[in-house]
Amino acid sequence: MAAAFDPEAVRAFEHARWQRAAAVYGETFAGATRPFIEALLDAARVASGTSMLDVACGPGFVASGGRARGATAWGLDFSPAMLAVARARDEAVQFDVGDAEALPYADATFDAVVANFGIHHVPRPPLALCEAHRVLRRGGCVAFSFWAEPAENVAWRLVFDAVARHGDRTAAQTPSPGGGFATTAQCAEALREAGFADCTTHLVRATWRHRDAEGLVAALRAGTARMAAMIEAQPPDALVAIVADIAANAAGYGDSGAIAVPIAAVIASGVKS
Ligand SMILES: C[S@@+](CC[C@H](N)C(=O)[O-])C[C@H]1O[C@@H](n2cnc3c(N)ncnc32)[C@H](O)[C@@H]1O
């Protein structure tokens, strides 16, 4: 039986994992998250003069992307290790430590709040959306991205299917997530419940390039949280079979001696009316 949802256990698990991943995140998992930045900024209508907050900013690539458009950018994350990387990368952004469920900003501070693959890591995503709503000015936009379901998202499907065939998808002893925030319908509904109007979702496609299947698995193992825990929990012989399975099924994505695996994300957005 799955353990009961415990928000503090989720927060502690996520915090420990992201602290550990921070030093290598930029060279590993960020390769999957960066292709969606411009679409996310477009969805939040970030332009010159916008004051924007990048929630769960990690190394701050989205905040820097906003700044490149002429926005004034803040970044917030609960991982001091991620923020150390962010501050070293971009001194022009104000990076603050804090929790997405309790933002350390006054009401109506920002024109835009964005989160690139951050909201679903928060124990209670609806609370994070309510906080985004609170700190937005009237007419301001929220936009967040999350991974499309494996049917649309080839890299994730390759890994999950290989683990199901040769290992155990439930092998990691990770705290149960809150749930209810995985599909486009659930996310649009959560935006409406947080008070947003004009709620929309759209699918964005990209590719994630690796030298081979082993490179893909290594990037996920080093640069993620739940996915890393699942991979680490597989016995060594199962892991060998998992990598071989991914290699066989990714053969069709070969590109100049590497693999360019399709990935897909949903971008959800809304307006504070
Ligand atoms: C997948 S990374 C995304 C990083 C970045 N937004 C990007 O585009 O690559 C998830 C980030 O969420 C942060 N995070 C997770 N839970 C959080 C919370 N409750 N409050 C603030 N940050 C959180 C992690 O520290 C990590 O930096």
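The coordinates are above.
Residues numbered from 1 in each chain as written. Predicted model: local features only at pLDDT ≥ 70, side-chain atom pairs only at ≥ 80, totals over all residues.

Asker: I tried to follow the overall build of the protein on my own but got confused; where do I start?
Answerer: Broken down by element type, the protein carries 11 helices and 8 strands. Taking 19 Å as the expected radius of gyration for a compact globule of 273 residues, we find that the protein reaches 18 Å, a close match to that expectation. A total of 273 residues make up the protein; the buried ones form 45% of that total. (Helix = DSSP H or I, 4+ residues; strand = E, 2+ residues; numbered from the N terminus. Rg over C-alpha atoms; globule rule 2.2 N^0.38 Å. Buried ≥ 20, exposed ≤ 12 C-beta atoms within 10 Å, placed from the backbone.)

Asker: Where do I start with helix H6 (residues 125–135) in this structure?
Answerer: Counting along an α-helix, one turn takes 3.6 residues, and residues three or four places apart therefore face a common direction. Burial in H6 covers these residues: Pro125, Ala128, Leu129, Glu131, Ala132 and Val135. Down the axis of H6, the smallest arc covering the buried residues is 160°, so these residues share one side. (Arc of directions from axis to C-beta.)

Asker: Teacher, can you tell me more about the site of the ligand here?
Answerer: Lining the immediate environment of the ligand, one finds 22 residues, of which Trp18, Thr33, Ala56, Gly58 and Asn116 sit closest. Top element by residues in the shell around the ligand is helix H1 (residues 7–25). It accounts for 3 residues. Of the residues that constitute the shell around the ligand, the class distribution is 11 nonpolar, 6 polar and 5 charged. (Near = placed C-beta within 6 Å. Nonpolar A, V, L, I, M, F, W, Y, C, P; charged D, E, K, R; others polar.)

Asker: Is there a simple way to think about unusual backbone geometry in this case?
Answerer: Glycine aside, residues mostly have negative phi angles, and peptide bonds mostly take the trans form. Positive phi is not limited to glycine here, since Phe117 has a value of about 55°. Structurally, Phe117 can be placed in the loop between strand E4 (110–116) and H6. Residue Phe117 is classed as buried on the basis of its 21 C-beta neighbours within 10 Å.

Asker: Before we go on, may I ask you to explain helix H4 (residues 61–68) in this structure?
Answerer: Turning to H4, its buried residues are Phe61, Val62, Ala63, Gly65 and Gly66. For H4, the elements touching its buried residues are helix H2 (30–33), helix H3 (37–43), strand E1 (51–55), strand E2 (72–77) and E4. Taken from the residues just after H4, Gly70 is the one with a positive phi, measuring 95°. (Contact = placed C-beta atoms within 7 Å.)

Asker: Can you walk me through the pairing of E2 in this structure?
Answerer: If a strand is regular, its side chains alternate between the two faces of the sheet. Counted residue by residue, E2 has 5 buried out of 6 residues, so it is predominantly covered. Once the chain exits E1 it traverses H4 before rejoining the sheet at E2, and the crossover so formed is right-handed. For the handedness criterion, the β-α-β arrangement of E2, helix H5 (residues 80–89) and strand E3 (residues 94–97) is classed as right-handed. (Right-handed = clockwise from strand over helix to strand, strands pointing away.)

Asker: Looking at this model, I keep getting lost on the environment of Arg169. Mind explaining?
Answerer: Residue position: Arg169 is located in the loop between helix H7 (154–166) and helix H8 (184–193). In the structure, Arg169 is positioned 65 residues away from Gln234 in sequence and 8.5 Å away in space, judged by C-alpha atoms. Residue contacts for Arg169: discarding those within four places in its chain leaves Phe160, Val163, Ala164 and Met230.

Asker: What's the story with the pairing of strand E8 (residues 258–272) in this structure? I'm lost.
Answerer: For strand E5 (residues 136–147) and E8, the ladder comprises 7 bridges, and the chain directions are antiparallel. The residue bridging Phe144 from the neighbouring strand is Ala268, located in E8. Pairing of strand E7 (residues 254–255) with E8, which is carried by 2 bridges, proceeds in the antiparallel orientation. Directly across from Gly254, in E8, lies its bridge partner Ile259. In sequence, E7 turns back onto E8 through a hairpin of 2 residues, with Ser256 there showing a positive phi of about 50°. (Pairing = 2+ DSSP bridges.)

Asker: I tried to follow the nonpolar core on my own but got confused; where do I start?
Answerer: One broad trend across soluble globular proteins is that nonpolar side chains are buried collectively. Counting 87 residues, the largest nonpolar core has Leu40, Ala44, Val55, Val113, Val114, Ala143 and Ile246 as the members making the most contacts within it. Residue contacts for Ala143: discarding those within four places in its chain leaves Leu40, Ala43, Ala44, Val114, Ile267, Ala268 and Ser269. (Core = buried A, V, L, I, M, F, W, Y, C linked by C-beta atoms within 7 Å.)

Asker: So what exactly am I meant to see when it comes to the packing of H7 against helix H11 (residues 236–249) here?
Answerer: As a packed pair, H7 and H11 sit with axes 9 Å apart at the nearest point and diverge in direction by 135°. Here H7 is positioned oblique relative to H11, judged by the angle of their axes. Crossing hand, H7 versus H11: right-handed. Every residue of H11 that contacts H7 at Leu158, Val159, Ala162, Val163, Arg165 and His166 is listed here: Ala238, Ala241, Ile242, Asp245, Ile246 and Asn249. (Axes fitted to C-alpha atoms, helices over the stretch in contact; angles between N-to-C directions. Parallel < 35°, antiparallel > 145°, perpendicular 65-115°, else oblique. Left-handed = near helix turned anticlockwise from the far one by under 90°.)

Asker: How should I be thinking about the environment of Gly254 in this particular structure?
Answerer: Position of Gly254 relative to the elements: it lies in strand E7. According to the C-beta neighbour criterion, Gly254 is exposed, with 11 such atoms within 10 Å. Through-space distance from the C-alpha of Gly254 to that of Ala185 is 34 Å; in sequence the pair is 69 residues apart.

Asker: Hey, could you run me through the environment of Ser176 in this one?
Answerer: Turning to its location among the elements, Ser176 is positioned in the loop between H7 and H8. Separated by 173 residues in sequence, Ser176 and Ala3 place their C-alpha atoms 6.1 Å apart.

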